[in-house]
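# Understanding the architecture of this molecule
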Amino acid sequence: MTIAEAADSRQTVNFPPGTAFIDGRFCPIAEATISVLGWGFLRSDATYDVVHVWNGRFFRLDRHLDRFLKSVAKLRMTLPFGREELISVLRECVKRSQFTNAYVEMICTRGMSPTFNRDPRDAKNRFIAFAIPFGWIANEEQRRRGLSIVISKIPRIPPQSVDPTVKNYHWLDLVQGMFEAYERGAENVVLVDMAGSVTEGPGFNVFAVSRGHVVTPGTGVLEGITRQSALDLCRELGADARVATLSADALRNAEEVFITSTAGGIMPVTRVDGSPIGDGLPGGFTKRIVELYWAKHSDPAWSTEV
């Protein structure tokens, strides 16, 4: 490809509809740009959070804001404004986009040093937000029949190196796992820790249901907001839900498996490593918790009007 052809290809990129907030102004998604020298781009030095809007209501917005603000503080970054102004920016992104259902992301990057040195204390942090149409980890067919996933032998980045409770873009291990899943004829992947226990997948937590007990991994994972929602709903349904070590064999031999994510909610898994879970169909408990999860989107205790 020539330089001219590369320039022409830039003009053919189809950006999704939506609105961004960057450098203190709102703009269409296609006009939101970052510097190639920013440490968020060069070093993945950033944290972010994603809240979704469904039927015109933010779902568990306060929980997402709590986690985002804690993550910003843990990375020794600062935002240009407080919590209420942050809410106003997110609302305005959605309103300008005119979405009823949306995927709304807030980001704080290290930014870059005005003098281009390597001292992170000199960097001017940068805040970005955007709203685009709601997106799903699993498509409609996959949600109906259940996903097929594999357990990769690739270990997730250990929490001693990168704190997984700070939502981050360190995804190279997850991306390599996704390629492994596709090569093995599956649709998604979960990674293990250094001891071989199950951790999480790319953008989702995982749950196993066996003999009335529900288990989700407790270490080496993002403490997902949808994960916590699922734990709350399990208890509302009378199930014994626990955060504990989950072995690969326990996941393979579970009666039901489901995953949780802001990008799709609670979604069934019906095959692990090529073998069916239970009878190979979404299980009864999974169906009940999925139904209850979506019902909560109109509950003022769980959701906030845009």
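Below, the structure is looked at part by part. (Residues numbered from 1 in each chain as written. Predicted model: local features only at pLDDT ≥ 70, side-chain atom pairs only at ≥ 80, totals over all residues. Heavy atoms only, no water.)

## Focus on the nonpolar core
Most often, soluble globular proteins have nonpolar side chains that are buried together. Which entries qualify depends on this criterion: Buried residues of nine kinds, namely Ala, Val, Leu, Ile, Met, Phe, Trp, Tyr and Cys, make up a nonpolar core once their side-chain atoms join them within 4.5 Å. Exposed residues in this analysis have more than 50% of their type's maximum accessible area, buried residues have under 20%, and partly exposed residues fall in between, with area computed by a 1.4 Å probe over protein chains only. The way it works is that DSSP assigns letters per residue, a run of H or I at least four long becomes a helix, a run of E at least two long becomes a strand, and they are numbered from the N terminus. Residues are treated as being in contact if the distance between any of their heavy atoms lies within 4.5 Å.
Formed by 25 residues in total, the largest nonpolar core has its most connected members in Phe-58, Phe-68, Leu-86, Leu-90, Val-104, Met-106 and Phe-127. Broken down by secondary-structure element, the contributors of at least two residues to this core are β3 (46-54), α3 (61-74), α4 (83-97), β5 (102-112) and β6 (124-133). Considering every element that reaches this core, the biggest residue donor is α4, with six residues. With residues up to four places along the chain from it excluded, the contact list for Phe-127 reads Phe-21, Ile-22, Asp-23, Phe-68, Leu-79, Pro-80, Phe-81, Leu-86, Val-89, Met-106 and Ile-107. The next biggest cluster of nonpolar side chains, apart from the first, holds 21 residues, and it includes Ile-151, Phe-204, Val-257 and Ile-277.

## Examining the packing of aromatic side chains
Heads up, the rule is: Ring geometry is summarised as follows: Phe, Tyr and Trp rings, the Trp one being its six-membered ring, pair when their centres sit within 6.5 Å, and such pairs are stacked at plane angles under 30 degrees, edge-to-face over 60 and tilted between the two. Placement of a positive charge over a ring is assigned whenever Lys NZ or Arg CZ falls within 6 Å of the ring centre and within 35 degrees of the normal to the ring plane.
This structure, assessed with the given rule, holds 15 aromatic pairs. Seen in terms of ring centroids, Phe-59 and Tyr-293 are 5.3 Å apart; in terms of plane orientation they differ by 75 degrees. Their pairing is edge-to-face. Linking Phe-59 in strand β4 (residues 57-59) with Tyr-293 in helix α9 (residues 284-295), this pair joins segments that are 234 residues apart in sequence. Each member of the pair Phe-59 and Tyr-293 is classed as buried. Seen in terms of ring centroids, Tyr-293 and Trp-294 are 5.1 Å apart; in terms of plane orientation they differ by 80 degrees. Their pairing is edge-to-face. Take Trp-294: its relative accessible area is 22%, and that puts it in the partly exposed class. Joined through ring pairs, the aromatic side chains of Trp-54, Phe-59, Phe-134, Trp-136, Tyr-293, Trp-294 and Trp-302 make up one cluster. When the ring centre of Trp-39 is taken as reference, the NZ or CZ atom of Arg-43 above it lies at 4.1 Å. Looking at Arg-60, its charged tip hangs above the ring of Trp-302, at a distance of 3.8 Å from the centre.

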